[in-house]
Amino acid sequence: MNDSSWGAPPRAGSQAGYWGPNDHGAVPHGPVQGAAPAGPAYDAPEAQQTRPMPIVPDVPAHGGNQDDDRGAARLGGPLFRDETFRDATSHGGTFRNETSPAGTFRDETPSAQPPAAVPQNPEPMPDAPQPASAPQKKSAGRDLTAAIGVGVGLGAVIIASLFVVKAVFVGVIAVAVVVGLWELTSRLQERKGIKAPLVPLAVGGAAMVVAGYARGAEGAWVAMALTALAVLVWRMTEPPEGYLKDVTAGVFAAFYVPFLATFVAMMLTADDGALRVMTFLLLTVVSDTGAYAVGWRFGKHKLAPRISPGKTREGLLGAVSFAMVVGALCMEFVIEDGTWWQGLLLGLAVAVSATLGDLGESMIKRDLGIKDMGTLLPGHGGIMDRLDSLLPTAPVVWLLLVLFVGSG
């Protein structure tokens, strides 16, 4: 092979296996193992065999200090791959597999790459310290600020209407009933295609509350029967398809919302009616609060995971404890002729009925595939989401108070 295959004539004093500047201007000085057969170029897979480079004494090219003369040959023998690589990169060159006149070599020296070709690693080193994640806190699931604000506002309206003019409070009950019926029938139609007639339900529901306040239980039952009849007749004005499910849902809505709410109006008719209603509301709110506080802090065992995964047995115990304590205080100091032990029973009954009422509406919402019945009350949902525990508790409290201290 002639020297022209290297791209430059050999330098004076160069030894076999050493060459001058390559195509990139690098001046390597050490033997490099792994070159291919002689020729201007080769494909790496074609290099089949190698033969060792003979050891040749070092002869300086210019007679000077061989450490200063980078063009001089170096000692043969052991390969200083790190120095060879450094010399090549210092001249900005790269190695190519080429063949010297003395033999062939395998290229075991890694080729230097331009800085731009070196891949960058944007990821942090494995041993780099990572910032500690903040501890996760339990979430209340709702906007507590909005919930508290709305609750205080509703409480102010109820207290003002309850202790000023009883008739005004009856109007508040009627409005709540109508809005609750609207939410319930709307969700039934949206999610299930059930068209419970709202007009007879709203008119009959409001009349039911007024009749219960004016005529007691007898008036409430009569109004309930007339409301159910009105639902049956009203639905006849539409095609018969779906008639049975529509009127069934209508009668259920009439019983579930206005009829149960009528017992609150009936409590109000007693001489201490305002105090009885206040006790009923206070016990229900305390029961819900105790269940929430204890369940959120200590709850581990699910009460009814298929219906309401958030409710726990510990929360139920909290509801019972809080309600019994407040019930004993109310019956001893608020309700005339009441005793503390009656308050314990009253509180226990309220905690159980409020929990069952909450689970009942949760069952309805799960069947409908919704979280809340409405969005009118920020932090609470809809009106029905606040009436869920109040509605089934009203007849329980009315009945126990009548048994303990009379209808008075």
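Residues numbered from 1 in each chain as written. Predicted model: local features only at pLDDT ≥ 70, side-chain atom pairs only at ≥ 80, totals over all residues. Heavy atoms only, no water.

Asks: Would you take a moment to explain the nonpolar core for this structure?
Replies: Buried together is how nonpolar side chains tend to be arranged in soluble globular proteins. Within the largest apolar cluster, 61 residues are counted, with the highest numbers of intra-cluster contacts made by Ile173, Val277, Phe280 and Leu346. Element by element, the count of residues in this core is highest for helix α5 (residues 243-268), at 15 residues. Those residues in contact with leucine 346, other than ones at most four positions away along the chain, are Thr279, Leu283, Met331, Val397, Leu400 and Leu401. (Core = buried A, V, L, I, M, F, W, Y, C linked by side-chain atoms within 4.5 Å. Buried < 20%, exposed > 50% of the residue type's maximum accessible area, 1.4 Å probe, protein only. Helix = DSSP H or I, 4+ residues; strand = E, 2+ residues; numbered from the N terminus. Contact = heavy atoms within 4.5 Å.)

Asks: Help me understand a nonpolar patch on the surface in this model?
Replies: Residues Val222, Leu226, Leu229, Leu232 and Val233 make up a contiguous nonpolar surface patch of about 430 Å² in total accessible area. Among the structural elements, leucine 229 can be located in helix α4 (residues 198-235). (Patch = residues over 30% accessible without salt bridge, like charges linked within 9 Å, V, L, I, M, F, W, Y side chains within 5 Å. Areas by Shrake-Rupley, 256 points an atom, 1.4 Å probe, with all protein chains shown as cover. Salt bridge = Lys/Arg side-chain N within 4 Å of Asp/Glu carboxyl O.)

Asks: Just checking my understanding: could you explain the environment of leucine 356 for this structure?
Replies: With respect to the helices and strands, leucine 356 occurs in helix α8 (residues 340-368). Exposure remark for leucine 356: the relative accessible area of 55% places this residue in the exposed category. Spatially, the C-alpha atom of leucine 356 lies 9.1 Å from that of threonine 393, the residues being 37 residues apart in sequence.

Asks: Where do I start with the pattern of salt bridges in this structure?
Replies: Counting across every chain of the model gives six salt bridges. Note that glutamate 190 and arginine 187 form a salt bridge whose closest N and O atoms lie 3.1 Å from each other. Here the residue glutamate 190 and the residue arginine 187 both occupy positions in helix α3 (residues 166-192), the gap between them amounting to three residues, near one helical turn. Glutamate 190 gets classed as exposed once you look at its relative accessible area, which sits at 55%. Across the pair lysine 365 and aspartate 385 runs a salt bridge whose closest N-O atoms are separated by 3.0 Å. Note that lysine 365 is positioned in helix α8 and aspartate 385 in helix α9 (residues 383-387), a separation of 20 residues in sequence.

Asks: I would appreciate a short explanation of α8 in the present structure.
Replies: An α-helix turns once every 3.6 residues. As a result, residues three or four positions apart point the same way. Given a rise of 1.5 Å per residue, 29 residues ought to cover 42 Å, and the 42 Å separating the end C-alpha atoms of α8 matches this to within 8%. Trailing α8 by a residue or two, glycine 369 shows a phi angle of about 75°, which is positive. (Expected span 1.5 Å × (residues − 1).)

Asks: How should the pairing of strand β2 (residues 308-312) be read in this particular structure?
Replies: Side-chain positions along a regular strand alternate between the two faces of the sheet. Here strand β1 (residues 302-304) runs beside β2; their pairing, made up of two bridges, is antiparallel. Bridge assignment links alanine 304 to a residue of β2, and that residue is serine 308. (Pairing = 2+ DSSP bridges.)

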